[in-house]
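Topology and contacts: notes
Here's the letter readout for the chains.
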Amino acid sequence: MFQTSHHAVKVLRSLHIVCLMLLSPSPAYTMGGAEIGYGVGIGKHAVRFHREDPRPSGDVPAGVRPESGSYSTHYPRRRLSKRAQRRLNRRSTWTVVPEDILPHSGLLIEHRNLSYGSGEQHQQFDLYLPGGCREGRLPLVIWLPGDDWSSSPRIDCPLTWLTQHGFAVASISYRPSQTHIFPTQRDDCLAAINRLSEDAAIWSIDPTRICLVGQAAGAHLSMLIGLDPDQTHNDSLEEHDLPMHRIAAICGISTIAHLPTLGSDSDRASSAASRLIGGPLPELREAALRASPISYASRNDPPTLLIHCKSDKTIPVSQSERLHAALLSADVDSTLILPEGQQESLAEDGTVGETVLNFLIRTLDTDIDSIIVTGKTTQIDLENKPNRS
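Below, the structure is looked at part by part. (Residues numbered from 1 in each chain as written. Predicted model: local features only at pLDDT ≥ 70, side-chain atom pairs only at ≥ 80, totals over all residues. Heavy atoms only, no water.)

**Remarks on helix H8 (residues 318-329)**
With twelve residues, H8 ought to run about 16 Å at 1.5 Å a step, and its terminal C-alpha atoms sit 16 Å apart, in line with that. If you check which residues of H8 are buried, you get Gln319, Ser320, Leu323, His324, Ala326 and Leu327. Projected onto a plane normal to the axis of H8, the buried residues spread over an arc of 165° and lie on a single side. The secondary structure elements touched by the buried residues of H8 are helix H5 (217-226), strand S12 (304-307) and strand S13 (334-337). Looking one or two residues past H8, aspartate 331 carries a phi angle of roughly 60°, positive in sign. (Helix = DSSP H or I, 4+ residues; strand = E, 2+ residues; numbered from the N terminus. Expected span 1.5 Å × (residues − 1). Buried < 20%, exposed > 50% of the residue type's maximum accessible area, 1.4 Å probe, protein only. Arc of directions from axis to C-beta. Contact = heavy atoms within 4.5 Å.)

**Here's the deal with unusual backbone geometry**
In this model, phenylalanine 182 is joined to proline 183 through a cis peptide bond whose omega is 15°. The topology assignment puts proline 183 in the loop between strand S9 (168-172) and helix H3 (184-198). The phi torsion at tryptophan 149 lies on the positive side, around 70°, for a residue other than glycine. Position of tryptophan 149 among the secondary structure elements: in the loop between strand S8 (138-144) and S9. For tryptophan 149, a relative accessible area of 2% translates into the label buried. A positive phi angle, close to 60°, is found at aspartate 331, a residue other than glycine. Its place among the elements puts aspartate 331 in the loop between H8 and S13.

**A look at the layout of surface pockets**
Considering only enclosed or pocket space, the largest pocket measures out at about 480 Å³ in volume. Lining the largest pocket we find 24 residues, and of these Asp147, Ile256, Asp312, Thr314 and Ile315 sit closest to its centre. When its residues are assigned to classes, the lining of the largest pocket shows eight nonpolar, ten polar and six charged. (1 Å grid on protein atoms, 1.4 Å probe; cavity = no way out; pocket = protein on both sides within 12 Å on 5 of 7 lines; lining within 4 Å. Points joined across faces, edges and corners; volume = space filled by probe spheres on them. Nonpolar A, V, L, I, M, F, W, Y, C, P; charged D, E, K, R; others polar.)

Structural data, given as structure tokens:
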């Protein structure tokens, strides 16, 4: 009986101590005489509950402001520890205040080695975007490199300066003619353009305002694609590979327009043009005509700019003259410029660069807001094309 009563007293005392611990709050700590929180428990086992974070608003990172007005401003600015920053993020809501950025700043945003095919090195493209914030989509200028279809050094794109004028610029590489004959080069470029059009919403690109620019072999491919925008004469494409974009303009420098009339040097089996079609040009005349842009000149072709030096020893100036005449006979907006002397570079401060820029501004309407294309772009019908007559 005594042992039972003694045990009951011990239990009651323990319960009493526990109740005192739970019901008796004690100050946790103060700062400058102001109570910050309360502790529950005794000694080192006490738990603190912070009602308010004591850190001043001066500790907020630049460009960010706290939503709450309970933060003091009279404390000196100090650097927070990582632990304090984590605690602060858990207790407060922050609003990011972006800095003012010019619509077309000098900042160049580069995206390199983007794949569009099987992932091999030759089926890649680089994309250059202007820095800054803007509304609407960007017109796209696509550079097709290469002098003789044997290589396509996209890294040395001479048009990246166009980003300072509000253009997105892409440089495409394609498989060489030593290992793949025509139309592989054309189909590779089409696949890259389709990939850019599919991801137009990601890059903020307008797939209906695309200009193709190239020199020599690159100009040849630009004209092949631009003068047959719907690829109605392309038998190598499947239905799901048909264009999902609209070529709004073409610019060719030292353009190869008609393979059979390139000259006697090109008729040899070892020439670049013969390697492109898989044999000597005289023996494969039909294949040479299929690979000639002049064969696709028609009334619905986009505006075209042709620049060809009269002193060009490699590609006869008659190539651009023949193409220009064919386009004019089809009522196409075509411009032919035949500068004297050596071919200039496409630098921004050069005459050729200035001519190309003026042509792009005229044909791609950079001063108006672009359309917004939701989701993936679908194939554009011929009836929706503007009347260019």
